[in-house]
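# Observations on the three-dimensional arrangement
What follows is each chain in one-letter form.
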Amino acid sequence: MGVPFLDLKAQFATIKDEVLSAVGRVFDDQAFVLGKYVEDFEKDAAAYLGVKHAVGVSNGSDALLLSLMAADIGPGDEVIVPSFTFFATAGAVARLGATPVFCDVEEDSFNIDVASAKSKVTDKTKAIIPVDLYGQCADMEGVMNLAREHDLVVVEDTAQAFGATRNGKQAGTFSHFGTYSFYPTKNLGGAGDGGMVVSNDDALADKIRLLRVHGERPRYHNKVVGICGRLDSLQAVVLQIKLKKLDEWNKHRAEIAEQYNARFEGKLKTPPVSAGNSHIYHQYTLRVENRDAVATQLAEKAIGCGVYYPVPLHLQECFASQGGKKGDLPVSEKLCETALSLPVFDQMTDAQVNEVADALLKAVA
Ligand SMILES: *Cc1c(COP(=O)(O)O)cnc(C)c1O
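Per chain, residue numbering runs from 1 following the sequence as it is written. With the structure being a predicted model, the display of local features is reserved for residues of pLDDT at least 70 and the display and counting of side-chain atom pairs for 80 or more, all residues being used for whole-chain, interface and lining totals. Water and hydrogen atoms play no part in the side-chain values, which are based on all heavy atoms of the structure.

## So, the layout of surface pockets
Just so we agree on the cut-off: The definitions used throughout rest on a 1 Å grid laid over the protein atoms alone, on which a cavity is an enclosed set of points accommodating a 1.4 Å probe that cannot get out and a pocket is an open set flanked by protein within 12 Å on both sides along at least five of seven lines; lining residues are those having an atom within 4 Å of a point. Grid points are joined across faces, edges and corners, and a volume is the space filled by probe spheres set on the points. We count a stretch as a helix when DSSP gives it H or I for four or more residues in a row; a strand needs E for two or more, and each element gets its number in order from the N terminus. Residue ranges labeled as domains rest on an automatic or database domain assignment.
Computed from the structure, the largest pocket encloses a volume of approximately 510 Å³. Around the largest pocket sit 30 residues that line it, and Phe86, Gln160, Tyr183, Thr185 and Lys186 are the ones nearest its centre. Within the residue set of the lining of the largest pocket, elements represented by two or more residues are α3 (60-70), α4 (88-95) and β8 (177-181). For the lining of the largest pocket, the domains that each give at least three residues are domain 1 (8-240) and domain 2 (246-364).

Right, dumping it as structure tokens:
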């Protein structure tokens, strides 16, 4: 039969009428950028996360960029970033003329290894970006202790973990900034690009609001050089509807992960959940030997799977001038060869979960 890696159509069917009528209201109003729809969503998101300020922005990459801009990161500064993450985490640093300094990750959690991060601190280090990869929090106590020790700004890249918690606290709310992506495939996904920055600090949140509109205040009077980083009303109304369903959807993802775990226990390296964390399984990711051959076998049976990520950032061509070489960050390098993500989506059926599990167990046998 085959199972797609991601199927958003079945989920959309459950909210179609509500979404289309909300989208219709935005068209009737012809109010497409920022404004009351975005403010309403920001209020709901802040309340959900238990954070003082939520600022809707253009996408998750700009959420990172704006946070670093608000922290005055620039040329000569170093920012510590895990090598095993999506490119945007480091790209935002480089775009400001600062240097992303790569550290390793923990093999079990896939998240930042605080000891490795600590070993990368120099007198130029200004910030650190832990990533809540695949849907569970990084060691945020460890990161915050390191940050306090060295007076670092912390930007939590929460693009993959909206709604995950650590010791009861929402992902993205541990540090100066939390950044989110609403790219359609994320667990809270819009109908196009979107993102958000959250903060409990009044001054920092205000700076994000200023920077997202070219530093204009009032109109056509530019206090600082910002970017065009606004969120659309259409995204806001869609996200507001989906936010109400998020807990239910995240719960279903976790149930799928439990079913996979039960099928793979003792046979494969299933993804452990770190102490204190609730995992929302943006991705269900295993570590398998001969990963590429296994992925090919799954593809032959029309089972979707994903490789996040095939190349560690310290070995990316665009960062070659920094002199990163093979062997520098062994865990990140190994995970790039072994990580394999299986289908997880709301409305996935038990039969689909079992079909994927059967195919994978056969492929690794
Ligand atoms: C998706 C993602 C981003 C970027 O989000 P966009 O909305 O696509 O710009 C940043 N960091 C991580 C870890 C992501 O997964």
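## Brief notes about empty space enclosed by the protein
Heads up, the condition is: Only Asp, Glu, Lys and Arg are considered charged, only Ala, Val, Leu, Ile, Met, Phe, Trp, Tyr, Cys and Pro nonpolar, and every remaining residue, Gly among them, polar.
Summed over all chains, the structure comprises 2 cavities of 30 Å³ or more. Put simply, the largest cavity is a space of about 100 Å³. Residue lining of the largest cavity: 13 residues in total, with Leu8, Gln11, Lys186, Asn187 and Arg253 positioned closest to the centre. When the residues that make up the lining of the largest cavity are grouped by side-chain class, the tally is 4 nonpolar, 4 polar and 5 charged.

## Some points on the nonpolar core
Side chains of a nonpolar character, in soluble globular proteins, are inclined to be buried together. Defined as follows: Joining through side-chain atoms within 4.5 Å is the link that ties buried Ala, Val, Leu, Ile, Met, Phe, Trp, Tyr and Cys residues into a set, and such a set is a nonpolar core. Buried means the residue's accessible area, taken with a 1.4 Å probe over protein chains only, is under 20% of the maximum for its type, while exposed means over 50%, and partly exposed covers the values in between.
Judged by nonpolar contacts, the single largest core of 33 residues is most densely connected at Leu68, Ile129 and Phe177. Contributions of two or more residues to this core are made by β1 (53-57), α3, β2 (78-82), α4, β5 (153-157) and α7 (202-211). Of the residues forming this core, the biggest block, 7 residues, is contributed by α3. Taken domain by domain, this core gets at least three of its residues from each of domain 1 (8-240) and domain 2 (246-364).

## Quick word on the site of the ligand
In plain terms, the rule: Only heavy atoms are used to decide nearness, and a residue is near a molecule or strand if one of them lies within 4 Å of it. Counting of polar contacts relies on pairs of N or O atoms within 3.5 Å, with two restrictions inside protein: one atom must be capable of donating a hydrogen and the other of accepting it, and residues adjacent in sequence are counted only when both atoms are side-chain atoms. For the area figures, the Shrake-Rupley method with a 1.4 Å probe applies, and any residue is considered shielded solely by the protein chains shown. In this description, a molecule resides in a pocket or cavity if more than half of its atoms sit within 2 Å of the grid points defining it.
Taken together, 14 residues lie near the ligand, and Gly60, Ser61, Asp157, Ser181 and Lys186 sit nearest. In the environment of the ligand, an oxygen atom lies 2.8 Å from a nitrogen or oxygen atom belonging to the backbone of Gly60. Here an oxygen atom of the ligand sits 2.6 Å away from a polar atom, N or O, in the side chain of Ser181. Protein contacts shield 92% of the accessible area of the ligand, which totals 380 Å² for the unbound molecule. In a pocket analysis with a 2 Å cut-off to the grid points, the ligand is assigned to the largest pocket. Breaking the shell around the ligand down by element, the ones donating at least two residues are α3 and α4. Counted by class, the shell around the ligand contains 4 nonpolar, 8 polar and 2 charged residues.

## Observations regarding the packing of aromatic side chains
As a reminder, the rule being used: Here the aromatic set is Phe, Tyr and Trp, taking the six-membered ring for Trp, and pairing holds for ring centres within 6.5 Å; pairs whose planes are under 30 degrees apart are stacked, those over 60 apart are edge-to-face, and all others are tilted.
Counted under the stated rule, the structure contains 18 aromatic pairs. For the pair Tyr260 and Tyr284, a centre-to-centre distance of 4.8 Å together with 35° between the ring planes defines the contact as tilted. On the criterion of sequence distance, the pair formed by Tyr260 in helix α8 (residues 233-264) and Tyr284 in strand β11 (residues 284-287) is long-range, its members being 24 residues apart. Within the aromatic cluster, the residues linked to one another by ring pairs are Phe5, Phe84, Phe86, Phe110, Tyr134, Tyr308 and Tyr309.

## Let's talk about the state of the cysteines
To be explicit about the condition: Only a pair of cysteine sulfur atoms within 2.5 Å qualifies as a disulfide here.
What the rule picks out here adds up to 0 disulfides. You can see Cys318 has no disulfide; the closest cysteine sulfur is in Cys336, sitting 14 Å from it. Among the residues examined, Cys336 registers a relative accessible area of 3% and is labelled buried.

## Re helix α9 (residues 291-300)
The test is simple: In this description, one arc is meant: the one made by directions from the helix axis to the C-beta atoms. Note on contacts: a residue pair qualifies if any of its non-hydrogen atoms lie within 4.5 Å across the two residues.
Those residues of α9 that sit buried are Arg291, Val294, Ala295 and Leu298. Axial view of α9: buried residues confined to an arc of 100°, hence all on one face. Residues of α9 that are exposed and point over 90 degrees away from its buried face: Asp292 and Glu300. Structurally, α9 contributes buried residues whose contacts are with α10 (330-338), β12 (339-342) and α11 (350-364). Ala302 occupies a position one or two residues after α9 and carries a positive phi of about 60°.

## Topic: the domain arrangement of the chain
We apply this condition: Throughout, the accessible surface (probe 1.4 Å) given up by two parts as they are put together, summed over both, is called the buried area. Just to be clear on terms, a salt bridge is a Lys or Arg side-chain nitrogen sitting within 4 Å of an Asp or Glu carboxyl oxygen.
By the assigned domains, the chain splits into domain 1 (8-240) and domain 2 (246-364). Each of domain 1 and domain 2 has a C-alpha centre, and the two are 23 Å apart. Across the boundary between the two partners, domain 1 contributes 42 residues, which contact 38 residues of domain 2. Of the roughly 3,500 Å² buried at the junction of domain 1 and domain 2 (both faces included), carbon and sulfur atoms supply 58%. The interface formed by domain 1 and domain 2 includes 3 salt bridges. In this structure, Asp108 and Arg287 form a salt bridge, with 3.2 Å as the shortest nitrogen-oxygen distance. Taken together, the elements giving at least two residues each to the side of domain 1 that touches domain 2 come down to α1 (9-29), α4, β3 (99-103) and β6 (165-166). When grouped by side-chain class, the residues that make up the side of domain 1 that touches domain 2 number 21 nonpolar, 14 polar and 7 charged.

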